[in-house]
Amino acid sequence: MFDWNDLRFFLELQRSGRLLTAARRLNTTHATVARHIEAIEKSLGTALFVQHAQGYELTPAGEALLKHAEAMENVALLAQEEITQSSAPLGKIRVGVTEGLGIMFLASRMNGLFERYPGLEVELVAVPRFVSILNREAEISIHLERPAADMLVTRKLTDYRLALYASQAYLDRSPPLRSREDLGRHAWIGYVDDLLFSQELMFLNSFCRNPQVVFHSTSVIAQQQAARSGLGIAVLPCYMASADPELVPLLPDESIQRSYWISTRRELHKSVRLRVLWDYVVELCEREQGLLLGRPI
C-alpha cells in the first residue's frame, strides 16, 4: 500500500505539469516531489507519468489513479470544511476572474461582503487568461464562456455590453467619425490574436471588416490605457470605460453584448464560505445591471 501523503504530490504534478512548479506550490523542493512520485510508482508497480519537453503527462495508469486521488482529496476538503466551519466560521476562498471584471468591477465593490462576514478572506485571481477550478487554481471561476465539464455547477452570472471608445485628442486629429462606414479609416486597439484565451474576445470584425490595428495587448486594461493616450479606438466593456473622463463613447448605436458565467466544483457548492462569496457576486451583478449593460445612470 502506498503512502496516502504521496497523492498530494501526484495531484500537484499532474496539475502543474512541471516538477519546479509543483514544488513551489507545495513549498518544497523538486527533488522531494520526484521522490514522492517515485515512491508511489514503486508501490503500484507502474509508471504514472511520462516526461516530454512540455512537461509531465499522465500515463494510462496515471489517468486511472487520478479520478480516485481527486475523490479522496474532495473527501478531505469537505471534512476540513465541516470541522473548521463549526469552530471558526468562514475562512479563505479564492475566485478566479477575467482581468477586466476582477480589477475594474469586483475589487472596488467588496466592502459590503466583508461588512457582513468579517471572518472571510478572499483571494482574487484577476488575470487575462482562463483560471481552472478543475486544477484547483481557484474554488470559484468566472468565465467568458460556459464550461462544459459535468463535475461543475455553473450558471450565467450576467450579460454585459462592449462599445467603442477613444480619447478626444485622437478624435481631434483623425478623420470624421459619423457612421460605421467611417471606421475603416481609423486606427484600432485590440487583442493579440494568437494569444486569445477565449473566442468571445474576437469582436473587432463585428464593427469593422478590415480594422487597422496599431496596438495589440493581451490586457484589456492596457488597451484602455492606450485608448486614453490617443492611440486609437478600443472596444471596451462599458463598466470600465463609461465613467472614464479621458474616453469619449463613439457611435452609440454600435455595441455588442457578451456574458459572464460563474462556476465551481460540484462537491464544493454547499460550502458555507463558497456560497457566501458566490451569492454576493450574483447579487452584486444583478444590482449593477445598468452599469454592466451600458445603460445611462
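- The protein chain has the name LysR family transcriptional regulator in an unreviewed UniProt entry, where Pseudomonas wuhanensis is given as its organism.
- The Sequence similarities (unreviewed entry) comment attached to the protein chain in UniProt states, word for word, "Belongs to the LysR transcriptional regulatory family."

### Let's talk about the UniProt feature "domain: HTH lysR-type" (unreviewed entry) in the protein chain
In step 1: Under the feature "domain: HTH lysR-type" (unreviewed entry), the UniProt entry names residues 2–59.
In step 2: End C-alpha atoms of residues 2–59 are separated by 18 Å, and the span's content is 59% helix alongside 14% strand.

### Here's the deal with the packing of helix α2 (residues 19–26) against helix α3 (residues 30–44)
In step 1: Between α2 and α3, whose axes approach to 8 Å, the crossing angle comes to 100°. With respect to α3, the axis of α2 lies roughly perpendicular. The segment α2 lies against α3, with Leu19, Leu20, Ala22, Ala23 and Leu26 engaging His30, Val33 and Ala34.
In step 2: When the residues that make up the contact of α2 with α3 are grouped by side-chain class, the tally is seven nonpolar, one polar and no charged.

### Some thoughts on helix α10 (residues 272–287)
In step 1: Taking 1.5 Å of rise per residue, the 16 residues of α10 would be expected to cover 22 Å, and the 22 Å separating its terminal C-alpha atoms lies within 8% of that figure.
In step 2: Along α10, the residues that are buried comprise Arg273, Leu274, Val276, Leu277, Trp278, Tyr280, Val281, Val282, Leu284 and Cys285.

### Focus: helix α8 (residues 220–229)
In step 1: If you check which residues of α8 are buried, you get Val220, Ile221, Gln223, Gln224, Ala226 and Ala227.
In step 2: Considering only its buried residues, α8 is in contact with α5 (99–106), β6 (152–166), β7 (187–190), β8 (212–216), β9 (233–237) and α9 (238–241).
In step 3: At the N-terminal boundary of α8, the capping side chain belongs to Ser219, with an oxygen 3.2 Å from the backbone nitrogen of Ile221.
In step 4: Directly after α8, the chain includes Gly230, whose backbone phi takes a positive value near 100°.

### Some remarks on the packing of helix α1 (residues 6–16) against α2
In step 1: Across the interface, α1 lies against α2 with an axial gap of 8 Å and an inter-helix angle of 125°. It follows that α1 is oblique to α2 by the angle criterion. The hand of the α1/α2 crossing is right-handed. Contact residues: Arg8, Phe9, Glu12, Leu13, Arg15 and Ser16 in α1; Leu19, Thr21, Ala22, Arg25 and Leu26 in α2.
In step 2: Looking at side-chain class alone, the contact of α1 with α2 contains five nonpolar, two polar and four charged residues.

Cut-offs used in this document
- Residues numbered from 1 in each chain as written.
- Predicted model: local features only at pLDDT ≥ 70, side-chain atom pairs only at ≥ 80, totals over all residues.
- Heavy atoms only, no water.
- UniProt positions renumbered as here; feature names shortened; annotations may be inferred.
- Helix = DSSP H or I, 4+ residues; strand = E, 2+ residues; numbered from the N terminus.
- Axes fitted to C-alpha atoms, helices over the stretch in contact; angles between N-to-C directions.
- Parallel < 35°, antiparallel > 145°, perpendicular 65-115°, else oblique.
- Contact = heavy atoms within 4.5 Å.
- Nonpolar A, V, L, I, M, F, W, Y, C, P; charged D, E, K, R; others polar.
- Expected span 1.5 Å × (residues − 1).
- Buried < 20%, exposed > 50% of the residue type's maximum accessible area, 1.4 Å probe, protein only.
- Polar contact = N/O pair within 3.5 Å; in protein donor to acceptor, adjacent residues only side chain to side chain.
- Left-handed = near helix turned anticlockwise from the far one by under 90°.

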